[in-house]
Every structure is written in structure tokens, then in C-alpha cells.
Amino acid sequence: MTAMPQDALVRIEDVRKSFGHLQVLRGVWLNVMRGEVVCLIGPSGSGKTTLVRCINHLETIDSGRIYVDDVLVGYRERKGGLHPVRDAVVAAQRRNIGMVFQRFNLFPHLTAVQNVSIGPVRVLGRSKHEVHAEAVGLLSRVGLADKIDSYPSQLSGGQQQRVAIARALAMHPAVMLFDEPTSALDPETVGDVLGVMRDLAAGGMTMIVVTHEMAFAREVADRVIMMDQGAIVEAGSAEQIFARPDQERTKAFLRAIL
Ligand code: ADP
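Residues numbered from 1 in each chain as written. Predicted model: local features only at pLDDT ≥ 70, side-chain atom pairs only at ≥ 80, totals over all residues. Heavy atoms only, no water.

### A few points about the UniProt feature "domain: ABC transporter" (unreviewed entry) in the chain
- Using the residue numbers shown here, the UniProt feature "domain: ABC transporter" (unreviewed entry) corresponds to residues 10-254.
- Span residues 10-254 is 37% helix and 28% strand, its end C-alpha atoms 27 Å apart. (UniProt positions renumbered as here; feature names shortened; annotations may be inferred. Helix = DSSP H or I, 4+ residues; strand = E, 2+ residues; numbered from the N terminus.)

### Describing helix α5 (residues 157-169)
- The end-to-end C-alpha separation of α5 is 18 Å, in line with the 18 Å expected for 13 residues at 1.5 Å each.
- Within α5, burial applies to Gly158, Gln159, Gln160, Gln161, Arg162, Val163, Ala164, Ile165, Ala166, Ala168 and Leu169.
- Against the buried residues of α5 lie β8 (97-100), α3 (112-123), α4 (128-141), β9 (175-179) and α6 (187-202). (Expected span 1.5 Å × (residues − 1). Buried < 20%, exposed > 50% of the residue type's maximum accessible area, 1.4 Å probe, protein only. Contact = heavy atoms within 4.5 Å.)

### Digging into the packing of aromatic side chains
- For the structure on display, the rule yields zero aromatic pairs.
- Sitting above the plane of the tyrosine 67 ring, arginine 11 keeps its charged end 4.3 Å from the centroid. (Phe/Tyr/Trp six-rings, centres within 6.5 Å; stacked < 30°, edge-to-face > 60°. Lys NZ or Arg CZ within 6 Å of the ring centre and 35° of its normal.)

### Structural notes on the sheet that holds strand β12 (residues 231-236)
- The six strands are arranged β8-β9-β10-β3-β11-β12 in an open sheet whose pairing can be described as mixed. At either margin of the open sheet sits one strand with a lone partner, and together these are β8 and β12. The sheet shows a mean angle of 20° between the axes of neighbouring strands, taken without regard to direction.
- Here strand β11 (residues 223-228) runs beside β12; their pairing, made up of five bridges, is antiparallel. The residue bridging valine 224 from the neighbouring strand is glycine 236, located in β12.
- Helix-sheet contacts for helix α9 (residues 248-257) involve β3 (37-41), β11 and β12, and the interaxial angle to β11 is about 95°. (Pairing = 2+ DSSP bridges. Axes fitted to C-alpha atoms, helices over the stretch in contact; angles between N-to-C directions.)

### Side note on the site of the ligand
- All residues adjacent to the ligand are Phe19, Leu22, Val24, Pro43, Ser44, Gly45, Ser46, Gly47, Lys48, Thr49 and Thr50.
- With respect to the ligand, the backbone of threonine 49 contributes an N or O atom lying 2.8 Å from an oxygen atom.
- Between the ligand and the protein, one listed contact pairs an oxygen atom with a side-chain N or O atom of threonine 50 at 2.5 Å.
- Contact with the protein chains hides 60% of the accessible area of the ligand, taken as 560 Å² for the molecule alone.
- When residues of the shell around the ligand are traced back to their parent elements, those giving at least two are β2 (22-32) and α1 (48-55).
- Take the shell around the ligand: its biggest share by element is three residues, from α1.
- Its residues placed into classes, the shell around the ligand shows four nonpolar, six polar and one charged. (Near = heavy atom within 4 Å. Polar contact = N/O pair within 3.5 Å; in protein donor to acceptor, adjacent residues only side chain to side chain. Areas by Shrake-Rupley, 256 points an atom, 1.4 Å probe, with all protein chains shown as cover. Nonpolar A, V, L, I, M, F, W, Y, C, P; charged D, E, K, R; others polar.)

### Quick notes on the side chain of threonine 250
- Checked against the element boundaries, threonine 250 lands in helix α9.
- If near-sequence neighbours (up to four positions away) are discounted, threonine 250 is found in contact with Met226, Val233, Glu234, Ile241 and Pro245.

### Quick word on the sheet that holds strand β1 (residues 10-19)
- Pairing in this open sheet of four strands is antiparallel, and the strands run β2-β1-β4-β5 from one edge to the other. Edge positions in the open sheet fall to β2 and β5 (71-72), since each of these has one partner strand only.
- In terms of strand pairing, β1 meets strand β4 (residues 63-68) through five bridges, oriented antiparallel. Bridge pairing in β4 places arginine 11 opposite tyrosine 67.

Here it is, written out as C-alpha cells:
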């Protein structure tokens with residue numbers, strides 16, 4: 001059966017966004033299917049981070065629509081226009097959207113397991129006991145079974161990033177957004193983080209990943225999206241984009257970085 005656009009878990013429709021006079025997103029259309037792994041690549045400043053931040057409404061949009069699981073994120077429709085919803089509504093919508101940043105921003109005074117548990121306990125009101133067991137399971141899944149009681153300062157960057165991934169997963173999101181999750185890490189810890197992301201992808205998680213890790217994109221992405229100057233210039237399978245890019249800008253970008 002062919003997947004229809006309305007089956008998409010994430011629907012981005014003609015999204016435009018400017019910062020002052022700088023137009024950063026110039027009408028982006030993108031559907032991400034359930035279980036799909038999409039990698040966003042392209043030169044620095046092309047709008048990849050902004051696009052991902054718009055999905056969970058960390059940035060407002062000027063026009064267009066973004067739906068996650070059929071929910072219009074951050075807005076409601078009225079008289080054909082977009083009207084912002086209350087912060088509490090945005091917060092509820094964000095629970096369905098896991099986000100992993102370049103910088104992991106763990107709570108420094110909480111242990112790994114406490115960092116993973118705090119969302120489900122505080123935000124979802126789940127029992128501490130039940131959440132603790134699940135958090136231990138998640139930390140094991142990201143290879144940190146022996147670090148559950150460590151504080152962030154006792155962990156490497158890569159270990160902290162894996163705690164951050166477990167923390168996002170603890171909310172049972174429908175989709176995980178990654179914004180250059182390995183670019184701030186020491187090279188020797190990058191592989192473990194990519195390994196966790198690879199496992200997540202293999203487990204069927206829907207993922208949108210801004211990355212400079214071309215080997216990762218090539219191996220894991222169902223679809224690679226090339227952005228330049230606020231627009232999608234080319235999209236295709238990893239095989240097609242890396243081996244047979246159509247667009248001159250994609251070719252030039254790949255030549256410059258590979
Ligand atoms: P990428 O992730 O592809 O490197 P970004 O989405 O981070 O691109 O940035 C796109 C453009 O928007 C850049 O020119 C950047 O300087 C600008 N930009 C990003 N965030 C802001 C902001 N908060 N205020 C002003 N300009 C911004």
C-alpha cells in the first residue's frame with residue numbers, strides 16, 4: 001500500500017520564517033512518515049536547526065502549518081489564520097516530541113536516573129517507583145546501566161548525551177528530533193551516541209536528525225533532505241543523494257565535506 005501524505009506523522013506545509021529581515025525558511029514542505037528516519041543536511045546557515053526548532057515550537061513560524069500526529073503545533077486555526085495557543089497547551093503538545101540538542105542541558109544537581117525520571121514524574125504525574133524502574137531500563141538501553149547514580153559532571157559528553165536521549169525517550173514521544181547531537185562531543189564519544197541513535201532507528205522510532213555525520217546519514221537515513229538558503233533543494237534515499245545527487249548545490253556541498 002502506498003503511504004499517503006495524510007498518513008505522515010509530521011507534516012510541514014509551506015513553512016516560512018524570518019529573523020528580522022533575514023528569511024531563514026522560504027516555504028518548506030516535508031512529510032515524515034511513522035517509523036521513518038530523515039536526516040537534514042546542508043551548509044551551515046541553511047535553516048536546518050530553525051526548521052527542527054519550529055517543529056516543537058521553540059521557534060514561532062510566520063506562516064504555513066506544522067502538524068505532529070495531526071495536532072497543529074503551537075497554534076489554532078481561526079478565520080483562516082494562525083493564532084498562538086496558551087503555553088500550557090504548547091507544553092502538552094511538546095510531550096509528544098522528544099528533542100535532543102547539541103548541548104544536553106542535564107540538571108547538574110540530579111543523578112542520571114533522576115534526570116531521566118523527572119519529566120514523567122513532574123509533568124506526567126506518574127508514580128516515582130514505576131518511573132524509576134523504567135528510567136533504569138532506558139539508561140541500560142543507552143549503555144549506561146553502571147552510571148545511573150552518577151551526576152552529569154562525572155560523565156563524559158557522550159555519556160551525558162546518552163542520558164539526554166534516555167530523558168527524551170522517557171516521555172514516550174511519537175517522534176524524536178535531534179539537532180546536531182554529536183557536534184559538541186569529543187571524537188571518541190561520538191560513536192556511542194550514534195550507536196544509540198542507530199538502535200533507536202532500527203527499533204522503528206520516527207526520527208528527524210540534523211547532522212554533519214554523513215556516514216551515519218548514509219547508513220541510517222530512510223531519506224536525506226538537502227537544505228540550502230532556507231529551502232529543500234533535493235530529497236531522496238541516502239543512496240541516491242550520496243551516490244547520484246541531481247542538484248549542483250548538493251554536489252558542491254558533498255564535494256566540500258566528503
Ligand atoms: P543551520 O542549522 O542550517 O546551520 P540555522 O537554522 O541555525 O541554520 O540558521 C539559519 C539562519 O538563521 C542563519 O543565518 C542564522 O544566523 C539565523 N538565525 C538562527 N537563529 C537566529 C535567531 N534566533 N536570531 C537571528 N538569526 C538567527
